[in-house]
Amino acid sequence: MEAPLVRAARAGSQAAFGRLVERHQQGLRRFLRRAAGAEADDVAQEAFVTAWANLNRLRDDEGFRPWLYGIAWRRALTLNRSAARSARRDHDWTQERDGKGAGLAAEDRMALEAAMATLAPDQRAAVTLCLADGWSHGEAADALGLPLGTIKSHVARGRDKLLSVLGDKP
Amino acid sequence: MTAEQRLEAFLQEGRGPEQDPVFAAEVMRQVARRELKAQLAASAVLATAAAVGLWACAPILNAVIEPMALMLSPVVGMLTLTAAVVLISQNPAWLRLRL
């Protein structure tokens with residue numbers, strides 16, 4: 001579905017790339033906030049710009065999403081910069097999220113956030129993509145550059161760990 | 001709520017608006033800036049190559065152009081003078097002075 005937009009963007013169409021940005025920005029930023037923590041918006045912006053500059057390296061035009069997330073994830077793992085602007089946006093997002101999360105008790109959210117923080121970065125990313133965003137294991141494996149079996153293991157163990165802090169048996 | 005449902009609710013939190021024009025505009029501004037830099041770099045390379053080419057060809061060009069310049073200089077001089085008169089006469093400041 002995205003291949004025409006990717007091809008147009010690769011040919012130099014900024015409008016087509018803008019459509020891709022609009023389509024993926026929310027999911028990518030949410031993934032980065034959950035999996036990588038602060039500075040998610042800055043990392044997301046850099047990932048989009050890097051994707052624009054390297055579109056000719058994308059082999060499968062339909063695989064834009066895992067490719068983009070892979071760029072962002074690698075950047076998130078290596079970048080360690082201070083950015084008050086991003087921190088402010090992340091804070092706004094957290095407040096907005098907390099306001100919307102009326103169905104979840106505050107203590108549950110705190111326990112789950114603490115449990116998420118204890119997960120290894122790869123495991124947290126796999127849980128976020130597969131459980132929160134509904135990605136297939138294969139797509140997550142492509143994005144994170146991990147073997148399929150590792151992704152399945154990360155998701156299963158991560159889910160068990162998250163459920164365990166809620167007091168019920170998984 | 002069961003633990004499964006609470007986990008599901010937690011994972012579904014934070015779904016902000018699908019569209020964020022400010023974020024998208026910032027990304028596209030950076031993309032445009034990157035493109036401009038690339039074009040400027042390409043233009044600089046092209047200009048440098050042209051300059052080097054002209055420098056290398058200078059002896060040949062001089063041999064061709066110098067006789068032409070001597071021949072055409074009266075014509076070019078007249079054209080330049082005419083153009084200068086036309087431009088000055090159409091300058092608003094000059095027109096105001098004449099009034």
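Residues numbered from 1 in each chain as written. Chains lettered and ligands numbered in written order. Predicted model: local features only at pLDDT ≥ 70, side-chain atom pairs only at ≥ 80, totals over all residues. Heavy atoms only, no water.

Engineer: Give me the overall build of chain A: which residues, what numbers.
Structural biologist: Along the backbone of chain A there are nine helices and zero strands. When its helices and strands are written in sequence order, chain A yields α-α-α-α-α-α-α-α-α. Of all 170 residues assigned to chain A, the portion counted as buried reaches 51%. When contacts within chain A are restricted to residue pairs at least 6 apart in sequence, long-range pairs at least 24 apart make up 65% of them. (Helix = DSSP H or I, 4+ residues; strand = E, 2+ residues; numbered from the N terminus. Buried < 20%, exposed > 50% of the residue type's maximum accessible area, 1.4 Å probe, protein only. Contact = heavy atoms within 4.5 Å.)

Engineer: Describe the pattern of salt bridges, listing the residues and the values that go with them.
Structural biologist: Residue and element names in this part refer to chain A. Summed over the entire model, instances satisfying the criterion amount to twelve salt bridges over all chains. Here Asp-61 and Arg-7 are joined by a salt bridge, their closest N and O atoms 3.5 Å apart. Highlighted residues: Asp-61 in the loop between helix H3 (40-53) and helix H4 (64-78) and Arg-7 in helix H1 (residues 3-10), separated in sequence by 54 residues. The class of Arg-7 is partly exposed, set by a relative accessible area of 46%. Across the pair Arg-65 and Glu-139 runs a salt bridge whose closest N-O atoms are separated by 2.8 Å. With Arg-65 in helix H4 and Glu-139 in helix H8 (residues 137-144), this residue pair connects regions lying 74 residues apart in the sequence. (Salt bridge = Lys/Arg side-chain N within 4 Å of Asp/Glu carboxyl O.)

Engineer: Which residues make up helix H9 (residues 148-164) of chain A, and what values do they have?
Structural biologist: An ideal rise of 1.5 Å per residue puts 24 Å on 17 residues; H9 of chain A measures up with 24 Å between its terminal C-alpha atoms. Looking at the packing, one finds that the buried side of H9 of chain A touches helix H6 (106-118), helix H7 (121-132) and H8 of chain A together with helix H1 (3-12) of chain B. (Expected span 1.5 Å × (residues − 1).)

Engineer: Would you mind going over the interface of chain B and chain A in detail, with residue names and values included?
Structural biologist: With 28 residues of chain B at the interface, the matching set in chain A holds 38 residues. Summed over both sides, the interface of chain B with chain A buries roughly 3,200 Å², with 58% coming from carbon and sulfur. Considering only the surface of chain B that becomes buried against chain A, Phe-10, Glu-13 and Phe-23 of chain B emerge as the three largest contributors, covering 23% of it. Summed over the shared surface of chain B and chain A, the result is three salt bridges. (Buried area = accessible area lost by both parts, 1.4 Å probe.)

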